[in-house]
Amino acid sequence: MKSNFALVDVPAIRLRNLTKEFYSKSETVTAVDDVTLEISAGTFTCLMGPSGCGKSTLLHLISGVETPTSGEIWVNESNVSELSQAELSNFRLRQLGIVFQDHRLIPEFTLLENVTLPLEIAGISAVEARTAGEGALERVGIAELANRYPDEVSGGQKQRAGIARGIAGNKRILLADEATGALDRKNSFSIFGLFRELADAGFMVLAATHDQGVSEFADEIIGMEDGHLVAVGAEARS
Ligand SMILES: Nc1ncnc2c1ncn2[C@@H]1O[C@H](COP(=O)(O)OP(=O)(O)OP(=O)(O)O)[C@@H](O)[C@H]1O
């Protein structure tokens, strides 16, 4: 297996016959069912479907948080399922960030500290982490809020800080799980606009959402139903 992290500038995800089953005493749930999919660098792809159709599980599989029951997940030349724990940590540190609906910022830390903390935990020097953190906050348009605490900024600004944390450190792949669920229309559109900008700058953005408004911004909308991918409409953005 190659695991050439130098290829981060050309991110691409390839899923092959990916399946994830959850087992309980009474039943087996097939959350992701034989999904085959390719997503290229520089695109904003949106995953839509009813609650429970498997969107979060698919994102967790790609990020290595969940392991597949069968099938393969390739990010560039790396087979994510074959990475060791150390390689998986390195993969998330160098290549892939995740944004959650509830942003998960630490209230006692400033926005900048929230962005730099994971980098420092990963062994990046405080000076480098600060430079990377400031760059990421600037990238998402809230550089001037670096020293504010989460409860001193708006919901949309908190979400932007979560995105900055997701991309800090030259990561090029961003997975967003209902990142605009708690936002009003104006702020949701502002976040989708940011995902669009990131994609145009070469990032790969894959976002699960229920918000139909995303169609104005995404390159492609992929539908999901009962763990399967279903056609919804390619080239959503005119
Ligand atoms: N850890 C788990 N154990 C058992 N079943 C699970 C687990 N995680 C998810 N599931 C089941 O897998 C299916 C897919 O769940 P998933 O969270 O991926 O859906 P979703 O499309 O993201 O839903 P939502 O839009 O409500 O967030 C659901 O039936 C869910 O109950």
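The rules behind the values
- Residues numbered from 1 in each chain as written.
- Predicted model: local features only at pLDDT ≥ 70, side-chain atom pairs only at ≥ 80, totals over all residues.
- Buried ≥ 20, exposed ≤ 12 C-beta atoms within 10 Å, placed from the backbone.
- Helix = DSSP H or I, 4+ residues; strand = E, 2+ residues; numbered from the N terminus.
- Pairing = 2+ DSSP bridges.
- Right-handed = clockwise from strand over helix to strand, strands pointing away.
- Domains from an automatic or database assignment.
- Contact = placed C-beta atoms within 7 Å.
- Nonpolar A, V, L, I, M, F, W, Y, C, P; charged D, E, K, R; others polar.
- Near = placed C-beta within 6 Å.

Side note on the pairing of strand β8 (residues 204–208)
Of all the five residues making up β8, five are buried; the element is thus mostly covered by neighbouring parts of the structure. Side chains of β8 alternate between two faces, with Met204, Leu206 and Ala208 and Val205 and Ala207 buried alike. Sheet topology note: the strand β3 (residues 44–48)/β8 ladder contains four bridges and is parallel. Within the sheet, the bridge partner assigned to Leu47 lies in β8 and is Ala208. Where strand β7 (residues 173–177) lies against β8, five bridges are found, and the strand directions are parallel. Within β8, the position partnered with Leu175 by the bridge is Leu206. The handedness of the β7 to β8 crossover, carried by helix α6 (residues 185–200), is right-handed.

Looking at the domain arrangement of the chain
As assigned here, the chain comprises domain 1 (11–95 + 172–232) and domain 2 (104–171). Residue-level contacts link 14 residues of domain 1 with eleven residues of domain 2. Elements represented by at least two residues in the side of domain 1 that touches domain 2 include exactly α2 (85–94), β7 and α6. For the side of domain 1 that touches domain 2, the element with the highest residue contribution is α6, accounting for four residues. Here the residues of the side of domain 1 that touches domain 2 sort into nine nonpolar, three polar and two charged.

Points about the site of the ligand
Neighbouring the ligand are Phe22, Val29, Ala31, Gly49, Ser51, Gly52, Cys53, Gly54, Lys55, Ser56 and Thr57. By residue number, the principal contributor to the shell around the ligand is helix α1 (residues 55–63), which donates three residues. In terms of residue class, the shell around the ligand is made up of four nonpolar, six polar and one charged.

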